[in-house]
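Residues per chain are reported as follows:
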Amino acid sequence: EILLLTGLGMRSFLNLNSVLHTRDPKRKRRAVLLALTGVILTLFVFAYVGAYIYALCSFGLEKLALPWLFLLTSLLLFAVGLFRTAGVLFAPKGFVILCSLPLREGTVALSRLLCCYLEDLLLSLAVLLPGIAVYGWLLHPGAGLYLRFLLCALLTPLLPLSASALFSTLIKRL
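Residues numbered from 1 in each chain as written. Predicted model: local features only at pLDDT ≥ 70, side-chain atom pairs only at ≥ 80, totals over all residues. Heavy atoms only, no water.

A.B. asks: Lay out the overall build of the protein chain in plain terms, naming residues and giving numbers.
C.D. replies: Within the protein chain one finds eight helices and zero strands. Along the chain direction, N to C, the helices and strands of the protein chain fall in the order α-α-α-α-α-α-α-α. When its C-alpha atoms are laid out on the principal axes, the protein chain stretches across 60 × 40 × 35 Å. Residues counted as buried form 29% of the 174 residues belonging to the protein chain. When the accessible surface of the protein chain is totalled, it reaches about 11,500 Å², and 75% of it is carbon and sulfur. (Helix = DSSP H or I, 4+ residues; strand = E, 2+ residues; numbered from the N terminus. Buried < 20%, exposed > 50% of the residue type's maximum accessible area, 1.4 Å probe, protein only. Areas by Shrake-Rupley, 256 points an atom, 1.4 Å probe, with all protein chains shown as cover.)

Written as C-alpha cells, this is what we have:
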C-alpha cells in the first residue's frame, strides 16, 4: 500500500501526471518551457557547486569542501521544505479522497513523508553529485570516500525534512 501510494504521489512530482495526460497544447507548451528552465537552472547549480568545490580545493581547504557541501545542501533542503512540506503533508483535498479508501491514516502519512524524502533526495543529489565529481577529479580519493558519500547522501535529506515537517506542523497548528 505504501509503495503504491508513494508511486502515485511521485507521479504528481513537478505536476508530471497532469502534463502527460492533458490535451491542452498551451499547457503542454508551458510545461516544456518550464522543464527547459529547470534544466538551465540545474546546469547553473552544477556549475556553481563545481566552481565552489574547485575554489576550496585550490585554496588548500579540501577538508572543508565536503562538509560545506553537505551543510549547504541541508540548508537548501530545509528552506525548500519549509514551503513545501505543509502543502504535501496537510493537503486536505487529497487526504479526504484517500481516507475514503480502506487505508489507515498512518499509511497515507508515511507515503507522503516518503514522497517528500524522495523529492528531497533528488534535489540533494542535484547539488551533491557535481561537488563530489569535482572533488574526486581533483583529489583522487579512495573507494571508501565514495561509499561514505553515498551513505551521507542517502541520510542528508532526513534531518532537514524532519525539521521542516516539525516547523510546518507547528505553524499549521498556530
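A.B. asks: How would you sum up the nonpolar core? Please name residues and give values.
C.D. replies: Formed by 16 residues in total, the largest nonpolar core has its most connected members in Ile53, Leu69 and Tyr135. Counting only elements with at least two residues in this core, the list comes to α3 (25-58), α4 (62-89), α6 (105-139) and α7 (143-155). If you tally residues by element for this core, the top one is α6, at five residues. Once residues lying within four places of it in the same chain are set aside, the contact partners of Tyr135 are Ile53, Cys57, Glu62, Ala65, Leu66, His140, Pro141 and Leu145. (Core = buried A, V, L, I, M, F, W, Y, C linked by side-chain atoms within 4.5 Å. Contact = heavy atoms within 4.5 Å.)

A.B. asks: Just give me the short version of a positive patch on the surface, but keep the residues and values in it.
C.D. replies: Together, Lys26, Arg27, Arg29 and Arg30 line one region of the surface with positive charge. With respect to the element layout, Arg29 can be found in helix α3. (Patch = residues over 30% accessible without salt bridge, like charges linked within 9 Å, V, L, I, M, F, W, Y side chains within 5 Å. Salt bridge = Lys/Arg side-chain N within 4 Å of Asp/Glu carboxyl O. Lys, Arg positive; Asp, Glu negative; His and termini not counted. Charge placed at Lys NZ, Arg CZ, Asp CG, Glu CD.)

A.B. asks: Quick rundown of α6? Include the residues and the values.
C.D. replies: With 35 residues, α6 extends 49 Å between its outermost C-alpha atoms, agreeing within 8% with the 51 Å of an ideal straight helix rising 1.5 Å per residue. Of the residues flanking the end of α6, it is His140, one or two places downstream, whose phi is positive at about 50°. (Expected span 1.5 Å × (residues − 1).)

A.B. asks: Summarise the packing of aromatic side chains; cite the residues concerned and give the values.
C.D. replies: This structure, assessed with the given rule, holds three aromatic pairs. With centroids separated by 6.3 Å and ring planes inclined at 20°, the aromatic side chains of Tyr48 and Tyr52 adopt a geometry described as stacked. Of the two residues, Tyr48 and Tyr52 are both situated in helix α3; the distance of four residues between them amounts to about one turn of the helix. With a relative accessible area of 23%, Tyr52 lands in the partly exposed category. Aromatic side chains Phe70 and Phe149 sit 5.9 Å apart centroid to centroid with 55° between the ring planes, which places their arrangement in the tilted category. Linking Phe70 in helix α4 with Phe149 in helix α7, this pair joins segments that are 79 residues apart in sequence. (Phe/Tyr/Trp six-rings, centres within 6.5 Å; stacked < 30°, edge-to-face > 60°.)

A.B. asks: Hey, could you go over the side chain of Asp120 for me, with residue numbers and the actual values?
C.D. replies: Summarising the element assignment, Asp120 is placed in helix α6. Sequence-distant contacts of Asp120, that is, excluding residues within four places in its chain, are made with Leu77, Arg84, Pro157 and Leu161.

A.B. asks: Which residues make up the pattern of salt bridges, and what values do they have?
C.D. replies: Inspection of every chain in the model, using the stated rule, returns two salt bridges. Here Glu119 and Arg84 are joined by a salt bridge, their closest N and O atoms 3.3 Å apart. Taken together, the residues Glu119 in helix α6 and Arg84 in helix α4 connect sequence positions 35 residues apart. Arg84 matches Glu119 in its accessibility class, with the two residues each being buried. For Arg84, the salt bridge goes to Asp120, with nearest N and O atoms at 2.3 Å. With Arg84 in helix α4 and Asp120 in helix α6, this residue pair connects regions lying 36 residues apart in the sequence.

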